[in-house]
Amino acid sequence: MFGLEKPAGRQKLGISGGFPNMASVGDFNVLSSSIPATKVELSVSCRNLLDRDTFSKSDPICVLYTQAIGNKEWREFGRTEVIDNTLNPDFVRKFIMDYFFEERENLRFDFYDVDSKSPNLSKHDFLGQMFCTLGEIVGSQGSRLEKSIVGIPGKKCGTVIVTAEELGCCRDSVLMQFCANKLDKKDFFGKSDPFLVFHRSNEDGSFTICHKTEVIKNTLNPVWQAFKISVRALCNGDYDRTIKVEVYDWDRDGSHDFIGEFTTSYRELSRGQSQFNVYEVINPKKKGKKKKYVNSGTVTLLSFLIETEVSFLDYIKGGTQINFTVAIDFTASNGNPSQPTSLHYMNPYQLNAYGMALKAVGEIIQDYDSDKMFPALGFGARLPPDGRVSHEFALNGNPQNPYCHGIDGVMEAYYRSLKSVQLYGPTNFAPVINHVARYAASVKDGSQYFVLLIITDGVISDMAQTKESIVNASKLPMSIIIVGVGPAEFDAMEELDGDVVRISSRGKFAERDIVQFVPFRDYIDRSGNHVLSMARLAKDVLAEVPEQFLSYMRVRGIKPSPAPPPYTPPIHVLQTQI
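The rules we used
Numbers given to residues run from 1 along each chain, matching the order in which its sequence is written. Thresholds applied to this predicted model are a pLDDT of at least 70 for local features of residues and 80 or more for the giving and counting of side-chain atom pairs; totals over whole chains, interfaces and linings are not thresholded and use all residues. Note: side-chain values were computed over all heavy atoms of the structure, leaving out hydrogens and water. Note on pairing: two strands pair once DSSP finds at least 2 bridges between them. In DSSP terms, a helix is any run of H or I states spanning at least four residues, a strand is any run of E spanning at least two, and both are numbered starting from the N terminus. Note on definitions: angles span 0 to 180 degrees between N-to-C directions of axes, and those axes are lines fitted to C-alpha atoms, for helices only across the stretch in contact. Geometric relationships in this document are graded by angle, where less than 35 degrees denotes roughly parallel, more than 145 denotes roughly antiparallel, 65 to 115 denotes roughly perpendicular, and other angles denote oblique. Note on convention: near helix rotated counterclockwise from far helix by under a right angle means a left-handed crossing. Clockwise means right-handed. Pairs of residues are marked as contacts when any of their non-hydrogen atoms sit within 4.5 Å. Here the aromatic set is Phe, Tyr and Trp, taking the six-membered ring for Trp, and pairing holds for ring centres within 6.5 Å; pairs whose planes are under 30 degrees apart are stacked, those over 60 apart are edge-to-face, and all others are tilted. Lysine and arginine charges are scored as sitting over a ring when NZ or CZ, respectively, is within 6 Å of the ring centre and within 35 degrees of the ring normal. How far each domain reaches was decided by an automatic or database domain assignment. Salt bridges are identified by distance alone: a Lys or Arg side-chain nitrogen within 4 Å of an Asp or Glu carboxyl oxygen. Burial classes: relative accessible area under 20% of the type maximum marks a residue as buried, over 50% as exposed, and values in between as partly exposed (1.4 Å probe, protein chains only). Throughout this description, the term nonpolar core refers to a set of buried Ala, Val, Leu, Ile, Met, Phe, Trp, Tyr and Cys residues connected via side-chain atoms within 4.5 Å. When residue character is reported, Ala, Val, Leu, Ile, Met, Phe, Trp, Tyr, Cys and Pro are called nonpolar, Asp, Glu, Lys and Arg charged, and the others, Gly included, polar. Put plainly, a pocket is an open set of points on a 1 Å grid over the protein atoms alone with protein on both sides within 12 Å along at least five of seven lines, a cavity is a set where a 1.4 Å probe fits but cannot get out, and a lining residue has an atom within 4 Å of a point. Grid points are joined across faces, edges and corners, and a volume is the space filled by probe spheres set on the points.

Enquirer: Hey, could you run me through the sheet that holds strand S11 (residues 207-212) in this one?
Expert: Whenever strands of a sheet pair, they do so through backbone hydrogen bonds, lying parallel or antiparallel. Strand order in this open sheet of four strands is S11-S10-S13-S14, and the pairing throughout is antiparallel. The open sheet terminates on both sides in strands that have one partner only, identified here as S11 and strand S14 (257-265). Between one strand and the next, the sheet's axes are offset by a mean angle of 30 degrees, whatever the strand orientation.

Have a look at this one:
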């Protein structure tokens, strides 16, 4: 999470030239407000889902939506994996959410029976939905909420169980590999097709699934691939918490046969390959029935390697510089700045939509920019004196030095530009993306990272070129945050975000996801003059940058530099007279 690197020492922002009665963005302190109370991990299971498939059972997926606090629009938060052939899925993929104790976070869980590879949910059968709040889950007994699935009139849609667990701050991951010997034969014609399922225990004695291995076909002596899992997922940092491992024989119809199970703990596993980490696989039913039963095979730990994950913060402390560039949409689709309906309306008494977004988002990001000097660009306007159209012009009028001092300076340059340029078009994003990409391409050693903030009404003319620019930029140390202002449909911006479908151009996919889209209207009240939650806006604007930053560093094998030692003042030895 952002928010800890730079201690206080920031001044409050006001726009130079002081407009009276400014729309309030609210006093905001990155150090307190943007750090949510806790991170919680949600696990989802269903029982007795509707069966929509004729010859087999449903193949369910769960899609989580959160509700914007401003305009109450539902936004997709994430999806679980698809589990084939089951009406009682226990999804392995978790949802990790920030829990703001003081805010009501409405959630919607939608369930679908997946019929094809299409990411478009309308192509799949709807199995129902469940509404609740995050507080309702956390506040339920054992933080376990069980509710009926609704949404298909006249049908019983089954139940959903959502469990929340507060995440510890352990940053280690483990690379483990297992093999098994002499497992029970479960298949009539061939040997078994074994796979392992790992569960961590909860405080109430129940278990939560945390990993499934791949299936190894037709063997009683499988060697599974090594897999990496975070210690948080495995035991939430509690080294003595029970880990239960079940061994199954895979069946195509989803009715996997139980071979047996064993229990261990992180502390035991951490001893590595040894006689302590050979486990007897026990099937309790068989053990109860057969006097001579010994076991259903053994599972052996082959290797155990701990890796400490480095964080975004480690790089910042080690001296990596974050450089922000701001680009503002000056196209005619925003409306005539002299009209109150325009998103660029020049109102002497309060900030317009762009001013609000720029000030609110700018205050958040400027804490991460070391020198507080922002190149500020505009695009889509006709410039004086000759009326030529430009898709990357300096807001301060100085193409050789487009830097503005702080968000104050950017705001001042923005208002000055509005008075001198003519809103025009088309809306081309590619030039400003390529502008920042040129700088990013010149520093690939991890010492600098570039973030482009585009503020736009969401209408775009050069979608194909923009996609190509993003795919090319995905190899560079840069991220793009798009803040959408105004009431338009932002489908094109959602497509650029690439959270659901990785963005591609001419058959080439982006190396990593580098775009984060945030619709500003989700965070403002109905009057449009007040940001409802700076903390949530801060979180969502910056939500993906740390992971995007880390994915660049990981792929390039760039490690953080060691942080300089804390400053200690020299100690003066006092001369004492004898």
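Enquirer: Can you walk me through the packing of helix H7 (residues 353-365) against helix H8 (residues 406-420) in this structure?
Expert: Packed helices, taken two at a time, are described by their axes: the angle between them and the distance between them. Running from N to C, H7 and H8 cross one another at 165 degrees; their axes reach a closest spacing of 10 Å. The angle between H7 and H8 falls in the class roughly antiparallel. Crossing geometry of H7 relative to H8 is assigned as right-handed. Across from Tyr-354, Gly-355, Leu-358, Lys-359, Gly-362 and Glu-363 in H7, the residues of H8 making contact are Ile-407, Val-410, Met-411, Tyr-414 and Tyr-415.

Enquirer: What is the right way to look at the packing of aromatic side chains in this model?
Expert: Any two aromatic rings considered together are summarised by their centre-to-centre distance and by the angle between their planes. Here the structure, examined in full by the defined rule, presents 19 aromatic pairs. One aromatic cluster is present, formed by Phe-312, Tyr-315, Tyr-449 and Phe-549 through successive ring pairs. Over the ring of Phe-207 we find Lys-244, and its NZ or CZ is 4.4 Å from the ring centre. One residue, Arg-271, lies across the ring of Phe-276, its end atom 4.1 Å from the ring centre.

Enquirer: Before we go on, may I ask you to explain the domain arrangement of the protein in this structure?
Expert: The parts lose accessible area when they come together, and the size of an interface is often stated as this lost area. Domain boundaries in the protein define domain 1 (38-167), domain 2 (172-308) and domain 3 (320-556). The C-alpha-based centres of domain 2 and domain 3 are spaced at 48 Å.

Enquirer: Just checking my understanding: could you explain the pattern of salt bridges for this structure?
Expert: Two side chains with opposite charge may pair up if their charged atoms get near one another. Under the defined criterion, the tally for this structure stands at 22 salt bridges. Between Glu-307 and Lys-228 there is a salt bridge, with the nearest N and O atoms lying 3.1 Å from each other. Here Lys-228 lies in strand S12 (residues 227-230) and Glu-307 lies in strand S16 (residues 298-308), a separation of 79 residues in the sequence. Of the residues examined, Glu-307 reaches a relative accessible area of 28% and is grouped as partly exposed. The exposure class of Lys-228 is partly exposed, given its relative accessible area of 45%. A salt bridge links Arg-556 to Glu-511; the nearest nitrogen and oxygen atoms lie 3.1 Å apart. Taken together, the residues span a long stretch of sequence, with Arg-556 in helix H13 (residues 545-556) and Glu-511 in the loop between strand S27 (508-509) and strand S28 (515-519) at a distance of 45 residues. Accessibility expressed as a relative area gives 31% for Arg-556, which makes it partly exposed. Take Glu-511: its relative accessible area is 35%, and that puts it in the partly exposed class.

Enquirer: Sorry, what's going on with the nonpolar core here?
Expert: It is characteristic of soluble globular proteins that their nonpolar side chains tend to be buried jointly. In this structure, Phe-330, Tyr-414, Phe-520 and Leu-537 are the most contacted members of the largest nonpolar core, which totals 58 residues. No other element matches H7, which puts eight residues into this core. Once residues within four sequence positions are removed from consideration, Tyr-414 is found in contact with Ile-328, Phe-330, His-344, Asn-352, Tyr-354, Gly-355, Leu-358 and Leu-395. If you look at the next biggest cluster of nonpolar residues, it comprises 30 residues, including Val-443, Leu-452, Leu-496 and Ile-514.

Enquirer: Where do I start with the packing of H7 against helix H12 (residues 534-542) in this structure?
Expert: Following both chains from N to C, one finds H7 and H12 inclined at 70 degrees, their axes separated by 10 Å at the closest point. With respect to H12, the element H7 is oriented roughly perpendicular. The interaxial crossing formed by H7 with H12 has right-handed handedness. Between H7, through Ala-360, Val-361, Ile-364 and Ile-365, and H12, the contact on the second element is made entirely by Met-534, Leu-537, Ala-538, Val-541 and Leu-542. Taken together, the residues that form the contact of H7 with H12 break down as nine nonpolar, no polar and no charged.

Enquirer: Explain the layout of surface pockets to me, please; I cannot follow it from the model alone.
Expert: Over the atoms, a rolled probe matching the size of one water molecule traces out where space is still vacant. By volume, the second largest pocket amounts to about 1,100 Å³. Residue lining of the second largest pocket: 43 residues in total, with Ile-83, Pro-89, Asp-90, Ile-209 and Lys-212 positioned closest to the centre. Within the residue set of the lining of the second largest pocket, elements represented by two or more residues are strand S1 (38-47), strand S8 (159-166), strand S10 (194-201), S11 and strand S13 (242-249). Class assignment of the residues belonging to the lining of the second largest pocket gives a composition of 15 nonpolar, 15 polar and 13 charged. Residue-level mapping places the lining of the second largest pocket at the junction of two domains, with at least three residues from each of domain 1 (38-167) and domain 2 (172-308).

Enquirer: Can you walk me through the side chain of His-435 in this structure?
Expert: Topologically, His-435 is positioned in helix H9 (residues 430-441). Each residue touching His-435, except ones within four places of it in the same chain, is listed here: Leu-377 and Glu-392.

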